[in-house]
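# An overview of the molecular structure
One-letter residues, chain by chain:
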Protein chains: 2
Amino acid sequence: MPKITLSKIDTRAPKGLDKEKTKHKTNAILSQLEELQNLLFAEGKHSLLVIIQGMDASGKDGLIKDVFTSMNPMGVQVKSWKAPTAEELSHDFLWRIHQHTPSKGMIQIHNRSHYEDVLITRVHQWIDDKTAKKRFAAINQFEQLLTEHNHTTVLKFYLHISREEQLQRLNERMQVKEKMWKYNENDLKESELWDDYMKYSDQAFNNCNEVPWHIIPSDQNWYKNYLVANTILETLQSFNMKFPGMKK
Amino acid sequence: MPKITLSKIDTRAPKGLDKEKTKHKTNAILSQLEELQNLLFAEGKHSLLVIIQGMDASGKDGLIKDVFTSMNPMGVQVKSWKAPTAEELSHDFLWRIHQHTPSKGMIQIHNRSHYEDVLITRVHQWIDDKTAKKRFAAINQFEQLLTEHNHTTVLKFYLHISREEQLQRLNERMQVKEKMWKYNENDLKESELWDDYMKYSDQAFNNCNEVPWHIIPSDQNWYKNYLVANTILETLQSFNMKFPGMKK
């Protein structure tokens, strides 16, 4: 697996890629996903855990809306992780996560994830390097457990934006009435820690890449949507699913 | 509140109602719902608990697919209730339900619900009349709690089909490859208890009608979808929601 260095990865689509054509492709993929998700649910054999990480305003919520809205909500669950509660903190960091892993047939989306426990916690030095290292090992084992013991495929997406794009989007949130509710006073302060976030993201991704990370250039939503939808499509197709017979 | 007697309520759309026109109306409603659900989530003040009850093959799953697929899955959660586990049975019957009530801004769908605890349990005489009566009171208090203490609006839909329609649909499940997985050997046995189910449904609905039941004629999916979507639309509109300002 090649080493991930976010600062060397482009945040935009390759030059010359046609936006409208790509959007058409994405729509075709979404129709296929609708069918495949129905089959995933009916067959009840596999499951998907989709992890979405990214800096503030990298388009995590938008991705969920754009890619997963066409799926039957009976088979799709979204969990948006916030700062842990007192009860959650009185357990190991994977305790609350484990409760929201997908059962067979389901697609579970994690909007942020256990990777926050080795990202924001390190940027703010709430945990030391030794603890971080132990957590990397625990994360690898945890993802292995899901994969091997419940036919769960873990798909990890990092929505990669440039700092310029982030600042522009945060600025928009302060101006547009329909977006203000998403703005948090703290966002600009966190943004100033950009370089630390990149450094610790590199470390986390390279230490926890047994289940591989997909780094998604995300300055343009149409390209982001296409890449994620296509990765999910290829994953579901690889299951070679079929409708089961009658239950006895 | 007029007394509910299912056997006297039509299972079909009023004669002369135009199917294609109604479908167009439903589509227009679904677009509005998409916007209103976004607003519900953004405002974070109200929440909806949508309870869907109905006999086997009454179209509960289909309703969820048809009406809620157009909504952002970040704001919609579906819980399909099955027979209680040993752990769930070691608590009161509302314990497991309470854990899946909606937080502010969310739409929570219950595919079947705590009403099973006063329906199938009575048809099979797992509980006596005295216990049922106590449960009715507990259900009324529970629904009141959600309404008064978390701005939750509880919408209760009974999908009302004729027995002929049910038998036809169960038969289809035995024949069509894509539907076989939904068929359960037990379904036909349960269907023979139709009259008991109607009797106990009448009792449950009339004893727990403080939050009113919506009886939805459901032999035709297009009419069912229209009625449910329209009720949800009117409910969300009645909240007079607006986008909140910036969070501090």
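Here the structure is shown first, and the text comes after it.
Before going into details, it helps to say that this report is about the structure given with it. (Residues numbered from 1 in each chain as written. Chains lettered and ligands numbered in written order. Predicted model: local features only at pLDDT ≥ 70, side-chain atom pairs only at ≥ 80, totals over all residues. Heavy atoms only, no water.)

## Section: the environment of Ile-4 of chain B
Residue and element names in this part refer to chain B. Note the following rule: Numbering goes from the N terminus for both helices and strands, where a helix is a DSSP run of H or I of at least four residues and a strand is a run of E of at least two. Each residue gets one of three labels from its accessible area relative to the maximum for its type: buried under 20%, exposed over 50%, partly exposed in between, using a 1.4 Å probe on protein chains only. For this analysis, residues touch if any pair of their heavy atoms sits within 4.5 Å.
Relative to the helices and strands, Ile-4 resides in the segment before helix 1 (19-43). Classification of Ile-4 as buried rests on a relative accessible area of 7%. Placed 211 residues apart in sequence, Ile-4 and Ile-215 show a C-alpha to C-alpha distance of 8.7 Å. Filtering out sequence-adjacent residues up to four positions away, Ile-4 remains in contact with Ile-9, Asp-202, Phe-205, Asn-206, Asn-209, Trp-213 and Ile-215.

## What about the relation of the copies chain A and chain B?
Note the following rule: Fitting of the copies onto one another was done by least squares over C-alpha atoms, counting residues only where both copies have pLDDT of at least 70.
After a rotation of 180° and a shift along the axis of 0.0 Å, chain A superposes on chain B with an RMSD of 0.0 Å. Each copy turns onto its partner about a two-fold axis. Looking at chain A, 100% of its interface residues are interface residues in chain B too, so the copies touch through the same face.

## Topic: the side chain of Ser-201 of chain B
Residue and element names in this part refer to chain B. Position of Ser-201 relative to the elements: it lies in helix 9 (residues 194-207). Residue class for Ser-201 comes out buried when judged on its relative accessible area of 2%. Ser-201 has contacts with Leu-6 and Leu-119, leaving out every residue within four places of it along the chain.

## Observations regarding unusual backbone geometry
Residue and element names in this part refer to chain A. One non-glycine residue, Asn-240, lies in positive phi territory at about 50°. By secondary structure assignment, the location of Asn-240 is in the segment after helix 10 (221-238). Residue classification places Asn-240 among the exposed residues on the basis of a relative accessible area of 63%.

## Details of the sheet that holds strand 1 (residues 47-54) of chain B
Residues and elements named next belong to chain B. Threshold: Whether two strands pair depends on DSSP finding at least two bridges between them. Whenever a helix is involved, its axis is fitted only over the stretch in contact; in every case the axis is a line through C-alpha atoms, and angles between N-to-C directions fall within 0 to 180 degrees.
Pairing in this open sheet of 5 strands is parallel, and the strands run 2-3-1-4-5 from one edge to the other. The sheet is open, and its two borders are formed by strand 2 (76-80) and strand 5 (213-217), each paired with just one other strand. Along the sheet, successive strands turn relative to each other by an average axial angle of 20°, direction set aside. Relative to strand 3 (residues 107-111), strand 1 runs parallel, the two sharing 5 bridges. What sits directly across from Leu-48, in strand 3, is Ile-107.

## Here's the deal with the packing of aromatic side chains
Residue and element names in this part refer to chain A. Our working definition: A pair of aromatic rings is counted whenever rings of Phe, Tyr or Trp (Trp by its six-membered ring) have centres within 6.5 Å, and the orientation is called stacked for planes under 30 degrees apart, edge-to-face for over 60 and tilted otherwise. By definition here, charges over rings are those cases where NZ of Lys or CZ of Arg is within 6 Å of the ring centre and within 35 degrees of the ring normal.
For the structure shown, the criterion picks out 10 aromatic pairs over all chains. Each residue in the set Tyr-115, Tyr-158, Phe-205 and Trp-213 is aromatic and connected to the rest through ring pairs, giving one cluster. The side chain of Arg-135 reaches across the aromatic face of Phe-93, ending 4.8 Å from its centre.

## Quick word on the packing of helix 2 (residues 60-68) of chain A against helix 10 of chain A
All names here are of chain A. This is how it is decided: Any angle that falls under 35 degrees is termed roughly parallel, while one over 145 is termed roughly antiparallel, one within 65 to 115 roughly perpendicular, and all others oblique. Handedness of a crossing is defined here by the sense of rotation of the near helix relative to the far one, left-handed for an anticlockwise turn of less than a right angle and right-handed for a clockwise turn. Any residue that is not Ala, Val, Leu, Ile, Met, Phe, Trp, Tyr, Cys, Pro, Asp, Glu, Lys or Arg is counted as polar, Gly included; the first ten are nonpolar and the last four charged.
In the contact formed by helix 2 and helix 10, the axes pass within 10 Å of each other and the chain directions differ by 55°. When the interaxial angle is binned, helix 2 and helix 10 end up oblique. For the element pair helix 2 and helix 10, the recorded crossing hand is right-handed. Residues Gly-62, Leu-63, Asp-66, Val-67 and Phe-68 of helix 2 touch helix 10, and the partners they reach there are Lys-224, Asn-225, Val-228, Ala-229 and Ile-232. Classifying every residue of the contact of helix 2 with helix 10 by side-chain character gives 6 nonpolar, 2 polar and 2 charged.

## Re the interface of chain A and chain B
Put simply, the rule is: Two parts placed together each lose some accessible area under a 1.4 Å probe, and adding up what both lose gives the buried area. One side-chain nitrogen of Lys or Arg within 4 Å of one carboxyl oxygen of Asp or Glu is enough to make a salt bridge. By the criterion applied in these results, polar contacts are pairs of N or O atoms within 3.5 Å in which, for protein atoms, one can donate a hydrogen and the other can accept it, and in which residues neighboring in sequence qualify only through two side-chain atoms.
Each partner contributes residues to the interface: chain A has 32 residues there, and chain B has 32 residues. Here chain A meets chain B over a buried area of about 3000 Å², counting both sides, of which 65% is carbon and sulfur. In this assembly, chain A and chain B are joined by 2 salt bridges. For Glu-34 of chain B, the salt bridge is made with Lys-65 of chain A, and the minimal N-O distance between the two is 3.5 Å. In this assembly, chain A and chain B are joined by 2 residue pairs in polar contact (both at pLDDT 80 or more).

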